[in-house]
Amino acid sequence: MSASNTNPFVDFRDVWLAYNDDLLARNDFAVEAIDLQVRQGEFIAIVGPSGCGKSTFMKLATGLKSPSRGSIRVDGQPVTGPVKISGMAFQAPSLLPWRTTVDNVLLPLEIVEPYRGQFKQRRAEYEQRARALLQKVGLADYEDKYPWQLSGGMQQRASICRALIHEPKMLLLDEPFGALDAFTREELWCILRDLWSERRFNVILVTHDLRESVFLADTVYVMSARPGRFVERRQIDLPRPRELEVTYTREFSDIVLELRGHIGAIRRTSPQAEATP
Ligand code: ADP
């Protein structure tokens, strides 16, 4: 199941995680036998039913959880604590309501070193960077507005800018577009596609939306329900740049159907799985 790759950017070797010692003693793992090698700049998506371990995988990749067994390296370094080279965005945009959009985007630079130490001296330059990023995602007129003055889609754009402001090598997205309507969601796919094409950071996208995974990713991993395991690795060879029109082609829907088949197979063998994608 591994990518043919000698120096992977993300490297999981036989990773298992039980959430606590009790569960470990009972061999009750949230995820098990995760093997995954991601090359530099690759966009991967992880799909699977609720509760299969997608968020757990994210916690492992960012160092918020340490594996019970196995090893994880990111950018050549063993992961032993929170990974600083990553940015994250979640389903809820979680912007601070008392800060303007641009000040929300600046937040990581006030917290993360080496930016934090230089924030006061370089504020004007950082602000320029935040504004340029907001303009790139179509929020030029909303830089100085407050979150409540923005639509859900706009808030999510701002939250992606916030995740990218410190130019992370890795962007982790946990269901980032799940709460948006279908049209807004597709707009955001294109924004993410363009940011990624320009900057080529690594992306790990967790999603229930199979179309989203096929449109955006280079490689889609399908996870089985508890214990979470990767049961399928599907390379997406649709040529880039991909336009939304591709989602209406036979080739595209065949891949989506194929992935759906894997999820269906998992659900038939796993009665405790919760929601379907
Ligand atoms: P997903 O993101 O795919 O919905 P999660 O990674 O959140 O799945 O959960 C995977 C499994 O781990 C689930 O069975 C869940 O109940 C369990 N789990 C998640 N967080 C904890 C925790 N803090 N303690 C114990 N079990 C947990």
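It should be emphasised that the depicted structure is a prediction, and the values quoted were computed from it without experimental measurement.

Draft legend 1. Representation of the side chain of Thr62. Along the chain, the position of Thr62 falls in the loop between α2 (54-61) and β4 (69-74). The class of Thr62 is buried, set by a relative accessible area of 3%. Within polar-contact distance, the side chain of Thr62 engages the backbone oxygen of Met58 at 2.8 Å. Look past the residues within four positions of Thr62 in its chain and what remains in contact with it is Gly81, Pro82, Val83, Ser86, Met88 and Leu172.

Draft legend 2. Seen up close, the packing of helix α3 (residues 101-111) against helix α4 (residues 115-136). Look at α3 against α4: their axes get within 9 Å of each other, and the N-to-C directions meet at 140 degrees. If you check the angle between α3 and α4, you find them oblique. Handedness of the α3/α4 crossing: right-handed. Contacts from Thr101, Val102, Asp103, Val105, Leu106, Leu109, Glu110 and Ile111 of α3 reach α4 at Tyr115, Arg116, Phe119, Arg123, Tyr126, Glu127, Ala130, Arg131 and Leu134. For the contact of α3 with α4, the per-class residue count stands at 10 nonpolar, 1 polar and 6 charged.

Draft legend 3. Inspection of the site of the ligand at higher detail. Around the ligand, the surrounding shell consists of Tyr19, Ala30, Ser50, Gly51, Cys52, Gly53, Lys54, Ser55, Thr56 and Arg226. Here Lys54 contributes a backbone N or O atom positioned 2.9 Å from an oxygen atom of the ligand. Thr56 places a side-chain nitrogen or oxygen 2.5 Å from an oxygen atom of the ligand. Across the complex, the protein chains shield 62% of the 560 Å² of accessible surface that the ligand would expose by itself. By residue class, the composition of the shell around the ligand is 3 nonpolar, 5 polar and 2 charged.

Draft legend 4. Inspection of the packing of α3 against helix α5 (residues 152-164) at higher detail. Where α3 contacts α5, the two axes come as close as 7 Å, and the packing angle between them is 30 degrees. With respect to α5, the element α3 is oriented roughly parallel. The two elements α3 and α5 meet at a crossing, and its hand is right-handed. Along the contact surface, α3 presents Thr101, Asn104, Val105 and Pro108, while α5 presents Ala158, Cys161 and Arg162. Tallied by class, residues from the contact of α3 with α5 come to 4 nonpolar, 2 polar and 1 charged.

Draft legend 5. Highlighting the pattern of salt bridges. Counted by the stated rule, this structure contains 21 salt bridges. The closest approach of N and O atoms between Asp103 and Arg123, which form a salt bridge, is 3.0 Å. Here the residue Asp103 occupies a position in helix α3, and Arg123 occupies one in helix α4, the gap between them amounting to 20 residues. The class of Asp103 is partly exposed, set by a relative accessible area of 22%. Assessed through its relative accessible area of 30%, Arg123 is described here as partly exposed. Note that Arg234 and Glu258 form a salt bridge whose closest N and O atoms lie 2.8 Å from each other. Here Glu258 lies in helix α8 (residues 250-268) and Arg234 lies in strand β10 (residues 230-235), a separation of 24 residues in the sequence. Residues joined in a network through salt bridges with shared partners are Asp103, Arg123, Glu127, Arg131, Glu143 and Asp144.

Draft legend 6. Region of interest: the state of the cysteines. Enumeration according to the criterion identifies 0 disulfides in this entry. Cysteine Cys161 shares no disulfide, and the gap to the nearest cysteine sulfur, in Cys190, comes to 16 Å. Cys190 sits in the buried class, given a relative accessible area of 14%.

Draft legend 7. Representation of the packing of aromatic side chains in the model. Evaluation of the coordinates by the stated rule reveals 8 aromatic pairs. Here Phe12 and Phe57 contribute two aromatic rings whose centre-to-centre distance is 4.7 Å and whose plane-to-plane angle is 20 degrees, an arrangement assigned as stacked. Placement of the pair is Phe12 in strand β1 (residues 10-17) and Phe57 in helix α2, with a sequence separation of 45 residues. Among the residues examined, Phe12 registers a relative accessible area of 0% and is labelled buried. Ring centres 4.9 Å apart and planes at 75 degrees place the aromatic pair Trp16 and Phe29 in the edge-to-face group. Placement of the pair is Trp16 in strand β1 and Phe29 in the loop between α1 (21-25) and β2 (31-38), with a sequence separation of 13 residues. Each member of the pair, Trp16 as well as Phe29, carries the same accessibility label: buried. Put simply, the rings of Phe12, Phe57, Tyr221 and Phe230 pair up and form one aromatic cluster.

Reading the values: rules and limits
- Residues numbered from 1 in each chain as written.
- Predicted model: local features only at pLDDT ≥ 70, side-chain atom pairs only at ≥ 80, totals over all residues.
- Heavy atoms only, no water.
- Helix = DSSP H or I, 4+ residues; strand = E, 2+ residues; numbered from the N terminus.
- Buried < 20%, exposed > 50% of the residue type's maximum accessible area, 1.4 Å probe, protein only.
- Polar contact = N/O pair within 3.5 Å; in protein donor to acceptor, adjacent residues only side chain to side chain.
- Contact = heavy atoms within 4.5 Å.
- Axes fitted to C-alpha atoms, helices over the stretch in contact; angles between N-to-C directions.
- Parallel < 35°, antiparallel > 145°, perpendicular 65-115°, else oblique.
- Left-handed = near helix turned anticlockwise from the far one by under 90°.
- Nonpolar A, V, L, I, M, F, W, Y, C, P; charged D, E, K, R; others polar.
- Near = heavy atom within 4 Å.
- Areas by Shrake-Rupley, 256 points an atom, 1.4 Å probe, with all protein chains shown as cover.
- Salt bridge = Lys/Arg side-chain N within 4 Å of Asp/Glu carboxyl O.
- Disulfide = S-S within 2.5 Å.
- Phe/Tyr/Trp six-rings, centres within 6.5 Å; stacked < 30°, edge-to-face > 60°.

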